[in-house]
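# Observations on the model geometry
Okay, here's what each chain looks like letter by letter:
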Amino acid sequence: MFIQVSPEFKKKSTSAIIAIVLFIIVYILLFFSAIALTIGCIAAGLWIISIKPMFFTVMIGIGLASLGVLISYFLIKFLFKQHINDRSNLTEINRNDEPQLFQMIDEIVKKAGTDFPKKVYLAYDVNASVFYDSNFWSMFLPIKKNLIIGIGLVNTCTKQELKAILAHEFGHFSQRSMKVGSYVYNVNQIIFNLVNEDESYENTVKDWASASGFFAFFAELAIKITQGIKWILTKMYSFLNIRHMALSREMEFHADEVAANIAGSLALEESLMRMDLADNSYNAVINFYNSKIPEKKSSKNIYREHFYVMNFYANENELDYKNDLPVVKSTESGLFNKSKLNIENQWASHPSTEDRIARLQKLGITKDADNSPAKTLFKNFEATDEKLTAKLFSNVEYEKTQFDLDFETFKIEFKENYNKGTFNKIFNNYYDNKNPNPFDLSLDNISPINYKFEDLFSKDKVEDVYTLIALENDKNVINSIADKTYVIKTFDYDGKKYKANEAKTLIPILENQIKILKEKITQNDINIYHYFVGLAKNQNREYEMRNQFSEFLDYDKIYEEKFNLFKDLSKALEFVSTTTPFEKIKKNFNNLQPLESKLKEEIKDILNDSLLNEEINEQNRKDLEFYIKNDLLYFNQNEYLNTNLQQLFFAVNSLHFYIGRKYFLMKKKLLNKMTSLEQDRI
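To start, this report covers the structure provided alongside it. Since we're looking at a predicted model, the values are computed, not measured.

Turning our eyes to something else, we now look at the sheet that holds strand S3 (residues 120-123). Within the open sheet, the 4 strands sit side by side as S2-S3-S6-S4. Their pairing is mixed. Looking along the sheet, the strands with just one partner apiece sit at the ends: strand S2 (91-93) and strand S4 (128-131). In this sheet, adjacent strand axes meet at a mean angle of 30 degrees when their direction is disregarded. In this sheet, strand S6 (residues 146-150) lies alongside S4 in antiparallel orientation, the contact comprising 4 bridges. In the strand pairing of S6, Ser129 is matched with Ile148. Where helix H5 (residues 159-171) meets the sheet, it contacts S4 and S6, and its direction lies at approximately 25 degrees from that of S4.

Put into structure tokens, the structure is as follows:
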């Protein structure tokens, strides 16, 4: 199979190679300068010793010679650096373990025109990737790649979709033209190691400096000089990396075309669209069990639960199904993204999913498809699931022996947790990312119900909310472009190209659009209030409706003040994570006392708040009560008292969490009241 690379790919390849050549030229100049300095330092050291051989001159001579050696070593240390991937989370499989899966891989590598992977591994998550261990010499020697297949991915796609995803991974290495991309990637990793991974070098210099006071000066000088070299290399790395990222994006498009030619455009398109849903579902299960660690609850098979959660989310969002899997359409995935701003991210290594889908649809390649579940490729997928689940949970430290939650109990508890953190679907996501707008509630004469519930929460009204969010976000980014905080040359807005110096002309236009849309949404919120107070009147529940709304808006007013206390505390404690003189530390803690007094008062209110009573577990309550009852010392005899300091940070973070949680619960309480009124009307 031969696929012609695009002119854009050739252009980006050429640009990346030129950047590498320029880097090599700069590096060679630095290297020979370092060699010359080393020879000069050694010669000068020998000369000093020869003038008057004695202990002092010998030590100075050795120190001077070491200066040149240390600088040269900095520039060649990457020759001995090997990048080894951590495989502790991987489970190796072979052809005897899973013959059908390996047969599929055989077919893919044959059609792609590449080599079979050196090893095949299973991972926990929703992903697939190819990796290899590399060092400097692997630029010149052939190196075989390893394949990782996430069981979370297998769990949530068809055979044809899995084939397409794996074909994409091998598509990166399928033709000679793609070797350029592979080479650029490897060189880029080596340069990154040279520029960034210098901990072992600094330890070597420190060890040398500690050997003698005579050497310390030269070691410090070597650090200063290598910092200057590193600054030059960092600038060159940035120059190279931008071009590498641009090439990487083209490589993704090319690998997609390879995958489409092997498995068809539709299989890759549908799997890409479902990927976020599958990944979010997997993370939801992991987060669920993270929250259950204090209760010593674990799982026997997280992938059965993962599949359930994916379908649960799909049903909540009213998605269609195909081949017993949710279908995520591009119109649905973009429902909440109304941004008109388009900036080509020069640092992004992957194009957006939307761009990839558009290319795949343009290709429109069809293939005979096997749409049976990918999990049927395995001899015993359930046994594999349970094996990986046990391995995953073996990394968790429980106080006592954990017990596995049965599947039915998981479904009940997961749904309860979900409902605690979401609003009723009757509002059509209107309130998911907005709050009821504050306005004058002194409306004694509510007009009759002239509005329909469906109109107040229609798709158009929801789109207004997310359009406003997008406008405000776009305005913030364009502000950053205008004041040069965000440095770019050009950008697109609403289909029109702008230069960076034209950004400021857009700001008043966006501000006017924001103002008009805010007024429109606020009017709809007033109409919503009228509607529900009217309903409440008809049901003799007007007082409770007005009171609930008033309580929420009252808390909305004071929330900002409480959040500002959290921000002030966080800012006041920043010094703890930086090197600070002892006297300054003592002074900072003294200055903290007024803020800490306010914090303790807020924590008291939180502990006594009936709305938060069930949100605070027993251990957290004990820890917070201990904190507010004791005057803790955080620094003594020139050292931090870490246990007490942890108590302080726990209290600060608890303030942030619980005031936010109360805001959510009050909003949910109001919306539940509105739901009850609407359901009773029906």
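Anyway, onward from the coordinates.
Taken together, the side chains of Ile17, Ile18, Val21, Leu22, Ile25 and Leu29 present a nonpolar region at the surface, about 510 Å² in accessible area. Of note, Ile17 is situated in helix H1 (residues 7-51).

On to the pattern of salt bridges. According to the stated counting rule, one finds 30 salt bridges in the structure shown. Salt-bridge contacts for Lys297 lead to Glu295; the nearest nitrogen and oxygen are separated by 3.0 Å. Given the relative accessible area of 11%, Lys297 is considered buried. Here Glu413 ties to Lys297 by a salt bridge, and the two come within 3.0 Å at their closest N and O atoms. Of this pair, Glu413 sits in helix H14 (residues 407-420) while Lys297 sits in strand S7 (residues 297-298), and the two are 116 residues apart along the sequence. Comparing Glu413 with Lys297 shows no difference in burial state: the two are buried. Several salt bridges converge on common partners, so that one network encompasses Lys292, Glu295, Lys297 and Glu413.

Leaving glycine out, the prevailing phi sign among residues is negative, and the prevailing peptide bond configuration is trans. Positive phi is not limited to glycine here, since Lys296 has a value of about 60 degrees. Looking at Lys296, the relative accessible area reads 26%, which means it is partly exposed. In this structure, Glu318 is a non-glycine residue whose phi angle is positive, near 55 degrees. The residue Glu318 is located in the loop between helix H10 (302-316) and strand S8 (320-322) in this model.

Counting residues in hydrophobic clusters, the biggest one holds 78 residues, and the most contacted among them are Phe491, Phe532 and Phe589. For this core, the secondary structure elements donating two or more residues are helix H15 (453-456), helix H16 (459-482), strand S12 (490-493), helix H17 (503-538), helix H18 (542-572), helix H19 (582-607), helix H20 (618-629) and helix H21 (642-681). With 15 residues, the single largest contributor to this core is H21. Leaving out residues up to four positions away in the same chain, Phe491 has contacts with Leu341, Asn342, Ile343, Ile478, Ile481, Lys496, Lys497, Tyr498, Lys499, Ala500, Ala503 and Leu506. Within the second largest apolar cluster, 71 residues are counted, among which are Ala259, Ala260, Met310 and Ala374.

Rolling a probe over the atoms, with the probe sized like a water molecule, indicates the empty space that remains. Going through the model one piece at a time under the given rule, you end up with 3 cavities of 30 Å³ or more. A volume near 40 Å³ is recorded for the second largest cavity. Grouping the constituent residues of the lining of the second largest cavity by class yields 5 nonpolar, 2 polar and 1 charged.

Definitions and limits used
- In every chain, residue numbers begin from 1 and rise along the written sequence.
- Only residues with pLDDT of at least 70 get local features here, since the model is predicted, and only at 80 or more are side-chain atom pairs given and counted; chain-wide, interface and lining totals rely on the full set of residues.
- Water and hydrogen atoms play no part in the side-chain values, which are based on all heavy atoms of the structure.
- Two strands form a pair only when DSSP identifies at least two bridges running between them.
- For the purposes of this entry, the term helix denotes a DSSP run of H or I that reaches at least four residues, the term strand denotes a run of E that reaches at least two, and both are numbered from the N terminus.
- Axis lines are fitted to C-alpha atoms, over the contacting stretch for helices. Their N-to-C directions set the angle, which ranges from 0 to 180 degrees.
- Whether two residues are in contact is decided by their heavy atoms: any pair within 4.5 Å suffices.
- Here a patch means residues that are over 30% exposed by relative accessible area and free of salt bridges, tied together within 9 Å if like-charged and within 5 Å if nonpolar (Val, Leu, Ile, Met, Phe, Trp, Tyr).
- What sets the accessible areas is the Shrake-Rupley method with a 1.4 Å probe; for residues, cover comes only from the shown protein chains.
- Every case where a carboxyl oxygen of Asp or Glu lies within 4 Å of a side-chain nitrogen of Lys or Arg is listed as a salt bridge.
- Relative accessibility decides the category of a residue: with a 1.4 Å probe and only protein chains considered, values under 20% of the type maximum give buried, values over 50% give exposed, and everything between is partly exposed.
- We define the nonpolar core as a collection of buried residues of types Ala, Val, Leu, Ile, Met, Phe, Trp, Tyr and Cys that are connected through side-chain atoms lying within 4.5 Å of one another.
- Cavity means a closed set of points on a 1 Å grid over the protein atoms alone, one where a 1.4 Å probe fits but cannot get out, pocket means an open set with protein on both sides within 12 Å along at least 5 of 7 lines, and lining means a residue has an atom within 4 Å of a point.
- Grid points are joined across faces, edges and corners, and a volume is the space filled by probe spheres set on the points.
- Residue polarity is assigned by list, with Asp, Glu, Lys and Arg as charged and Ala, Val, Leu, Ile, Met, Phe, Trp, Tyr, Cys and Pro as nonpolar; anything else, Gly included, falls into the polar class.

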